[in-house]
Amino acid sequence: MTDLSRSEEIRFRQEIREFVASEVPESIRLKVAQGRDVSRDETIAWQRKLVAQGWGAVHWPKHWGGTDWSLQKRFVFEEEMALAGAPSIPPFNTRMLGPILLEYGTEEQKERFLPGALNMDQWWCQGYSEPSAGSDLAALRTRAVREGDYYRVNGGKIWTSYAHYADWMFCLVRTDPEAKKQKGISFLLLDMCDEGVSVEPIHHFYGAHILNQVLLEDVKVPVSQRIGEENTGWTTAKALLEHERLATSRHAEARRKLGRLLALAKANQDASGALHQRADLKARIAEVAVQVKALEFATRRGLEMLIRDGRIGVFASSLNLKGVAINQAVDEAIMDIAGVDALAADAAYDGLPRDLLNDGGDARYVAESRYYLRGPAIAAGSNEVQRNIIAKHVLDL
Amino acid sequence: MEFMLTEEQQLIEDTVARLLEKQWDPRRDQALLSADVARLPLWHELAELGLLGIALPEEHGGGGMGPVELTVLCRRFGRDQLRSPFLSSLILAGTALTCSPLSALRDQWLRRLATGDAALTLATLEDGAGYDHHHTAIEGQRCQQGYVLSGRKRAVMDATGVDAFIVSCRLNGELALVLLAPETEGMAVASYAAFDGSSLATLTFNDVLLPEEAVLARGAEARAALDAALAHGALAAAAETLGACEGALERTLDYLRLREQFGTKLARFQALQHRASDLHADLEMLRSLVSGAAQSLTHEPAHADAFAAMALAVPVGDRVCREAIQMHGGIGMTLELGIGRYLLRVNALSRLLGDATHNGRLYLERMEA
Ligand SMILES: Cc1cc2nc3c(=O)[nH]c(=O)nc-3n(C[C@H](O)[C@H](O)[C@H](O)COP(=O)(O)OP(=O)(O)OC[C@H]3O[C@@H](n4cnc5c(N)ncnc54)[C@H](O)[C@@H]3O)c2cc1C
């Protein structure tokens, strides 16, 4: 696992760019550039291309279809993929479930679930949050009662991203209601086709359908689908690879969007001329560009910590907090530069000739992308939760 | 100056609030585009109560009131999320008409507007001109019957079902406002939905014949009418943004008082308390500026203060409405709860009447003039 030399890195980046250029269909490339959601079928098709190339889960062991790449090489891979505009695959299969199975699953469970997760024969979703257990996740109440070889599960999950696409859900359930919060929780794998599972859509305020509510009514889950020991689910769920915590900075995404911002500022004009010449907008773009640069170096610093110490620790909270904020700042600048062009609803873009939307620099869907990015500030450790972690564990307040 | 509402103004506010409470459910009605709202019974009731034409001249059936009463209405519309042609028809087009030189054409449309019998809209923005509603590259070519127009207008509000457009163009080298009906030969209207549920259109003129008698105002008179319309538009948008922020913050505070995590109400977390307090203080500034600007406009129909109000409303509106989503957590992202709709609306307003930089610049220019 020696690190890449400079020339190897350049060659590797080139290889990735060429792969993306030849393998990502134009229609998907456009969606990614516009910050739009890629469909279920498109996502699966892309993942299978990656698998065929040996790149389906680069951080998994080779035995299970991963690679033996160094941390640095994996980082370069992910960075270059995002910069090149490859669609991002939801993290549930290979980034969340995979590492958990690898660390806590039995051989049998690995055999049964890893190949399908890799190839996306099963689409997985994450059932952690509940209506009354959000930031305070350990307050979850979905109850699993042991009945012989089965658990009988009752309750429900909410904000479950892509549950309407999912074949399976990994979830946290309460197996011991007497134990203190984190202690009585178990980690179960649940077949979404099972009797008693129903999925209700929840629409984003701007219309997109990503979120869902999952209702669980007398669902029978075999005990063999529990990962880890009973009542140790909390620890299991925390087995997120340290390496994954780098990804929450979204630095490559921010850099790609900065490119879009610059292109729009060049293409659009107002009565005084091209927007990129306007002094106030230059200052605005510069401010955003500086932040994106800082985020890029911060992420590389995180990588260095990871290589040196094997962990990035609480630095991850700063990366997450600033990563979300800086991505939002780029989106907001894009939307402001797009100005009147950004007004149309998504459906309007699909229904009217582009020409009639006066859309000089392709500002389509910028509003959707901006509003979508409100989500990460709330999900998986909200901004406020990150600030609490920094105050307590970094600043010792 | 008078920052408190008079009894009569308070009565207007209460009347609208009651009417909206009874007849407007943003959740139920969210599929409606703003242009469709003019076909609801609610719209006729607003007309019958004399609220639609509240600021139009009395001699043409209006209420003869002014910017203060307009802000009372728009603020309430913002709070209750009513998207309607009020801004496009009664404020922008209505003010342009009111401030145009007297003519039979003007008077006839004013009367129809005041009774709610017709809707008008302003078509001013053009490609490549940013938010500059004054800029027009459409130059009328002289012909025997008048002029011939070719060109395009963008982001025309509520064009569906409108009875006529007030279009800006240049005639004999000077700015002019002219009235054109949608069925005019050579004119095409392509409507589309905006992300906030309002209805917009692109207007294309292909050798459209403009008769001399369709000209509302020219030169300095056209400029004055357009200035007044845009100042009233900026004030109305600022007032609507203020109302949206008030609605968003109020609902957020209610939620913080209700929601529990970690065994306590969210309202107990000082981090959230301080942010809510900041938003409140921001809103006090905006409230003062909107109210003061409304009074400035009462004395001078194109007063610079209106642009100051909008220049402040844009960043405050965005911030308050974003924070409202954030402080709700996951449920803040949902269509069902509808907290996000405030953000959509204030972001749409700042794209229709101009962003903070644009309005700030207008304020500076006019303040110095
Ligand atoms: C787009 C999106 C996708 C999601 N996908 C998934 C998924 O796939 N699977 C899943 O299980 N969950 C998912 N979630 C749920 C997400 O993890 C929760 O929304 C998150 O944990 C916050 O919980 P909540 O929504 O209940 O908000 P609450 O916890 O009620 O928080 C409301 C507000 O209060 C703040 N707050 C809470 N506690 C404190 C405190 N101690 N101090 C200061 N402020 C505080 C929060 O930061 C927030 O601003 C998703 C959420 C979103 C928005």
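Residues numbered from 1 in each chain as written. Chains lettered and ligands numbered in written order. Predicted model: local features only at pLDDT ≥ 70, side-chain atom pairs only at ≥ 80, totals over all residues. Heavy atoms only, no water.

As recorded in an unreviewed UniProt entry, chain B goes by the name Acyl-CoA dehydrogenase, listed as coming from Alloalcanivorax balearicus MACL04. Per UniProt, chain B has the following entry under Cofactor (unreviewed entry): "FAD". UniProt lists a comment for chain B under the heading Sequence similarities (unreviewed entry), and it reads "Belongs to the acyl-CoA dehydrogenase family." (UniProt positions renumbered as here; feature names shortened; annotations may be inferred.)

Chain A is annotated in an unreviewed UniProt entry as Acyl-CoA dehydrogenase domain-containing protein of Alloalcanivorax balearicus MACL04. Its UniProt record gives chain A the following Sequence similarities (unreviewed entry) comment, quoted word for word: "Belongs to the acyl-CoA dehydrogenase family." Quoted straight from UniProt, the Cofactor (unreviewed entry) entry for chain A says "FAD".

A. The arrangement of the overall build of chain A in detail. Each helix and strand in chain A was counted, giving 14 helices and 10 strands. Against the compact-globule benchmark of 21 Å for 397 residues, chain A has a radius of gyration of 22 Å, which places it among compact chains. Taken over the C-alpha atoms alone, chain A extends approximately 75 × 50 × 50 Å along its principal axes. Across the 397 residues that make up chain A, the buried fraction comes to 53%. The contacts of chain A with a sequence gap of at least 6 include a subset with a gap of at least 24, amounting to 72%. Of the roughly 17,100 Å² of accessible surface on chain A, 51% is carried by carbon and sulfur atoms. (Helix = DSSP H or I, 4+ residues; strand = E, 2+ residues; numbered from the N terminus. Rg over C-alpha atoms; globule rule 2.2 N^0.38 Å. Buried < 20%, exposed > 50% of the residue type's maximum accessible area, 1.4 Å probe, protein only. Contact = heavy atoms within 4.5 Å. Areas by Shrake-Rupley, 256 points an atom, 1.4 Å probe, with all protein chains shown as cover.)

B. Fine view of the sheet that holds strand β1 (residues 120-123) of chain B. All names here are of chain B. With mixed pairing, 4 strands are arranged side by side in an open sheet as β1-β4-β5-β8. Looking at which strands have only one partner, the edges of the open sheet turn out to be β1 and β8 (215-218). This sheet shows a mean twist of 25° between the axes of neighbouring strands, independent of strand direction. Bridging between strand β4 (residues 164-171) and strand β5 (residues 174-180) involves 7 bridges; their strand directions are antiparallel. Bridging across to β5, cysteine 169 finds its partner in alanine 176. Relative to β1, helix α5 (residues 86-98) is tilted by about 70°, and along the sheet it contacts β1, β4, β5 and β8. Helix α7 (residues 219-258) contacts β1, β5 and β8 of the sheet and is inclined by roughly 70° relative to β5. (Pairing = 2+ DSSP bridges. Axes fitted to C-alpha atoms, helices over the stretch in contact; angles between N-to-C directions.)

C. Spatial organisation of the packing of helix α8 (residues 270-299) of chain B against helix α9 (residues 305-328) of chain B. Residues and elements named next belong to chain B. At a minimum axis distance of 9 Å, the contact between α8 and α9 shows a crossing angle of 155°. Judged by the angle between their axes, α8 and α9 are roughly antiparallel. For α8 against α9, the interelement crossing comes out left-handed. When the residues that make up the contact of α8 with α9 are grouped by side-chain class, the tally is 18 nonpolar, 2 polar and 6 charged. (Parallel < 35°, antiparallel > 145°, perpendicular 65-115°, else oblique. Left-handed = near helix turned anticlockwise from the far one by under 90°. Nonpolar A, V, L, I, M, F, W, Y, C, P; charged D, E, K, R; others polar.)

D. Local environment of the side chain of A:Thr160. Along the chain, A:Thr160 turns up in the loop between β3 (150-158) and β4 (168-174). The residues touching A:Thr160, leaving out its near neighbours within four places in the chain, are A:Cys125, A:Gln126, A:Gly127, A:Met169, A:Ile210, A:Leu211, A:Asn212 and A:Val214.

E. View of the site of the ligand. For the ligand, the set of nearby residues contains 29 residues, the closest of which are A:Ser135, A:Ser382, A:Glu384, B:Arg259 and B:Gln326. The local environment of the ligand is shared, drawing residues from chains A and B. A:Ser129 places a main-chain nitrogen or oxygen 2.8 Å from an oxygen atom of the ligand. For the ligand, whose accessible area on its own is 970 Å², the fraction buried by protein is 93%. Looking at the shell around the ligand, the elements with two or more residues in it are α14 (383-394) of chain A together with α9 of chain B. (Near = heavy atom within 4 Å. Polar contact = N/O pair within 3.5 Å; in protein donor to acceptor, adjacent residues only side chain to side chain.)

F. Region of the structure containing the pairing of strand β6 (residues 187-193) of chain B. Residues and elements named next belong to chain B. Examined bridge by bridge, β6 and strand β7 (residues 199-211) share 7 bridges and lie antiparallel to one another. In the sheet register, valine 189 faces β7, and the bridge partner there is leucine 203. Where β6 folds back onto β7 in an antiparallel hairpin, the turn is made up of 5 residues, including glycine 197, whose phi is positive at roughly 90°.

G. Highlighting the environment of B:Thr124. All names here are of chain B. One can find threonine 124 in the loop between β1 and β2 (141-143). Along the chain, threonine 124 and serine 88 lie 36 residues apart, while their C-alpha atoms are 12 Å from each other. Discounting residues that sit within four places of it in the chain, threonine 124 has contacts with His133, His135, Lys153, Ser168 and Leu226. A polar contact of 2.8 Å, which involves the side chain of threonine 124, links it to the side chain of histidine 133.

H. Just the domain arrangement of chain B, in detail. Residue and element names in this part refer to chain B. Examined at the domain level, chain B breaks down into domain 1 (7-114), domain 2 (120-219) and domain 3 (221-368). Taken together, the contacts link 21 residues of domain 1 with 21 residues of domain 2. Approximately 1,700 Å² of surface area, both sides summed, lies buried where domain 1 meets domain 2, with 71% of it carried by carbon and sulfur atoms. The interface formed by domain 1 and domain 2 includes 1 salt bridge. Residue aspartate 163 is joined to arginine 112 by a salt bridge in which the shortest nitrogen-to-oxygen separation is 3.8 Å. Linking domain 1 with domain 2 are 7 residue pairs in polar contact (both at pLDDT 80 or more). Mapped by element, the contributors of at least two residues to the side of domain 1 that touches domain 2 are α2 (34-37), α5 and α6 (104-114). Among the elements that take part in the side of domain 1 that touches domain 2, α5 stands out by supplying 7 residues, more than any other. Among the residues forming the side of domain 1 that touches domain 2, the class breakdown is 13 nonpolar, 5 polar and 3 charged. (Domains from an automatic or database assignment. Buried area = accessible area lost by both parts, 1.4 Å probe. Salt bridge = Lys/Arg side-chain N within 4 Å of Asp/Glu carboxyl O.)

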